[in-house]
Amino acid sequence: MAGKLWTAEELAVAIDPAVNTHAKWRVRLPGNTRTHEAVAHQRQRLESEATARGEKVALPFFSYDGMRGLNSSNALRRQQGKPLIEVPGTVRPRYDQPLEIPLEGGIVIFPDVHIPYQDGEFMTKVLNLAVSWKIQYGLLAGDYMNLDAFSRFITDEGEAREAFKEEIEAADDVLRVLLGPLKRMFWLRGNHERRITMQSAGQLGMWTLERLMHEPSKLQVTDKQWALVVPGGDEPPYRVTHPNRGRKNPTSWAREQATIKHQHIILAHSHQVAMTRDTSGKFWCIDSGCIADPRRLSYVWKEDKSLPDPQQGAVIIKRGKGGQSHPYLLTPDSDWAALQGLYP
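The rules behind these values
Residues numbered from 1 in each chain as written. Predicted model: local features only at pLDDT ≥ 70, side-chain atom pairs only at ≥ 80, totals over all residues. Heavy atoms only, no water. Helix = DSSP H or I, 4+ residues; strand = E, 2+ residues; numbered from the N terminus. Contact = heavy atoms within 4.5 Å. Core = buried A, V, L, I, M, F, W, Y, C linked by side-chain atoms within 4.5 Å. Buried < 20%, exposed > 50% of the residue type's maximum accessible area, 1.4 Å probe, protein only. Pairing = 2+ DSSP bridges. Axes fitted to C-alpha atoms, helices over the stretch in contact; angles between N-to-C directions. Phe/Tyr/Trp six-rings, centres within 6.5 Å; stacked < 30°, edge-to-face > 60°. Salt bridge = Lys/Arg side-chain N within 4 Å of Asp/Glu carboxyl O.

**Student:** Got a minute to help me understand the environment of M275 in this structure?
**Tutor:** For M275, the location among the structural elements is in strand β11 (residues 273-277). Sequence spacing of M275 and P250 is 25 residues, and the spatial spacing of their C-alpha atoms is 8.5 Å. With residues up to four places along the chain from it excluded, the contact list for M275 reads T251, W284, C285, I286, P327 and L329.

Written out as structure tokens, the structure is:
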């Protein structure tokens, strides 16, 4: 059809974006087919004539790259530096963003409180030391509550399963005492808090427990089982973590993770107390123990197990006088009087 005049019908089809939007830019009419090159040149000629007349006319969906007419959306993508074909991205949330807690003056970490089996006397000593050191932040490192009402394990003979209402009330009472002197409390999910999510098919979770507490404004929960305490500067963060499974050998899991993550590791869940460095000597590896009173945990005493007995512990990370952070592993038999004098 080259060299022949364009009919009005052909021109109408050529410039109609509702009709001619396919990639090859052809005009197909009964007994007549215009090539995409012909369509592109004709559209360009019409646009040039309109410009010469002083009219600002941009034919819809038209672009020409010197060789052939292209789908204008592709041409626009090229002009904007975008790929011609773009696969839709996911709308699912990201999970790699951690809860980051600034160290500031320091933080006190309460691992595995297991309310209603907490050791109030030990917890009192830890809290008072933190107050004397002017610590402002607290971290419940998972298993703050035992959540027996949602346990899949059968209660032993003669052992009463704690009602959820009573456990919530006990947890709230302890939290109120902790938040008296502390500016803010953070709460990680442990494997025991995970019980409420599993037994409710995901309908309940950490946000449920947060709303049941009387001072949610000073409490921040997360459904992650780890968080980063960030000293700032060139210091690596402290990764406080509550994995679902632990190991028999103290610090073995923490040392492995420190090598992988290049971070200090403070481990909850293991109910063991130990503190060492990783193989590089750069990172602290701490098994933080538990705040719970082991004498009140029936599974510890009703049968012999291959696991070591639970050991009590807690951790305070304090910024020293030189600005460097220092972790302190505390146990019931720590020299509390001497510790009080470290930061008068």
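**Student:** Could you clarify how one ought to interpret the nonpolar core in this entry?
**Tutor:** The tendency in soluble globular proteins is for nonpolar side chains to be buried side by side. Membership of the largest hydrophobic core comes to 40 residues, with the highest contact counts inside it found for F110, Y144, M145, M185 and W187. Those residues in contact with F110 that sit more than four places away from it in its chain are M123, V126, L139, L140, A141, L178, M185 and I291. Counting residues in hydrophobic clusters, the runner-up holds 19 residues, among them L99, I107, Y137 and Y238.

**Student:** I'm lost on the sheet that holds strand β14 (residues 325-330) in this one. Help?
**Tutor:** Pairing between the strands of a sheet comes from backbone hydrogen bonds, and it takes one of two forms, parallel or antiparallel. With mixed pairing, six strands are arranged side by side in an open sheet as β7-β6-β5-β4-β13-β14. Of all the strands in the sheet, just β7 (219-221) and β14 have a single pairing partner and so form its edges. Sheet twist, expressed as the mean angle between neighbouring strand axes with direction ignored, is 20 degrees. The sheet strands contacting helix α4 (residues 120-132) are β4 (106-110), β13 (314-319) and β14, and the helix crosses β13 at an angle near 0 degrees. Of the strands in this sheet, β4, β5 (137-140), β6 (184-187) and β7 are in contact with helix α5 (residues 164-179), which crosses β6 at around 135 degrees.

**Student:** Is there a simple way to explain the packing of aromatic side chains in this structure?
**Tutor:** Two descriptors summarise a pair of aromatic rings, namely the distance from one centre to the other and the angle between the planes of the rings. Applying the stated criterion across every chain, the model contains seven aromatic pairs. Pairing W133 with Y343 gives two aromatic rings, centres 4.9 Å apart and planes at 75 degrees, and the pair type is edge-to-face. With a gap of 210 residues between them, W133 in the loop between α4 and β5 and Y343 in the segment after α10 (336-340) connect regions that are remote in the sequence. Each member of the pair W133 and Y343 is classed as buried. Ring plane angle 85 degrees and centroid distance 5.8 Å describe the contact between Y137 and F186, whose orientation is recorded as edge-to-face. Placement of Y137 in strand β5 and of F186 in strand β6 is noted, with a sequence separation of 49 residues between them. Overall, the relative accessible area of 8% leaves Y137 in the buried class.

**Student:** I keep staring at the pairing of β13 and nothing clicks. Help me out?
**Tutor:** For a regular strand, side chains alternate in direction, first toward one face of the sheet and then toward the other. Within β13, five of the six residues are buried, which leaves it mostly tucked inside the rest of the structure. The sheet contact formed by β4 and β13 spans four bridges and is antiparallel. Looking at the pairing, I107 lines up with I317 of β13. In this sheet, β14 lies alongside β13 in antiparallel orientation, the contact comprising six bridges. When the sheet's bridge partners are listed, R319 is paired in β14 with S325. Once β13 ends, the chain turns through five residues before running back antiparallel as β14, passing G323 with a positive phi of about 95 degrees.

**Student:** How do you make sense of the pattern of salt bridges when you look at a structure like this?
**Tutor:** In a structure, side chains of opposite charge can pair up when their charged atoms sit close to one another. Using the criterion set out here, one finds six salt bridges in the structure. Between D96 and R94 there is a salt bridge; the shortest N-O distance is 2.6 Å. Note on D96: relative accessible area 45%, which makes it partly exposed. By relative accessible area, which is 59% here, R94 ends up exposed. The salt bridge partner of D148 is R195, with a shortest N-O separation of 3.8 Å. Residue D148 is found in the loop between β5 and α5, and its partner R195 is found in helix α6 (residues 194-199); the two are separated by 47 residues along the sequence. Exposure remark for R195: the relative accessible area of 14% places this residue in the buried category. One network of salt bridges, with partners in common, ties together D293, R295 and R296.

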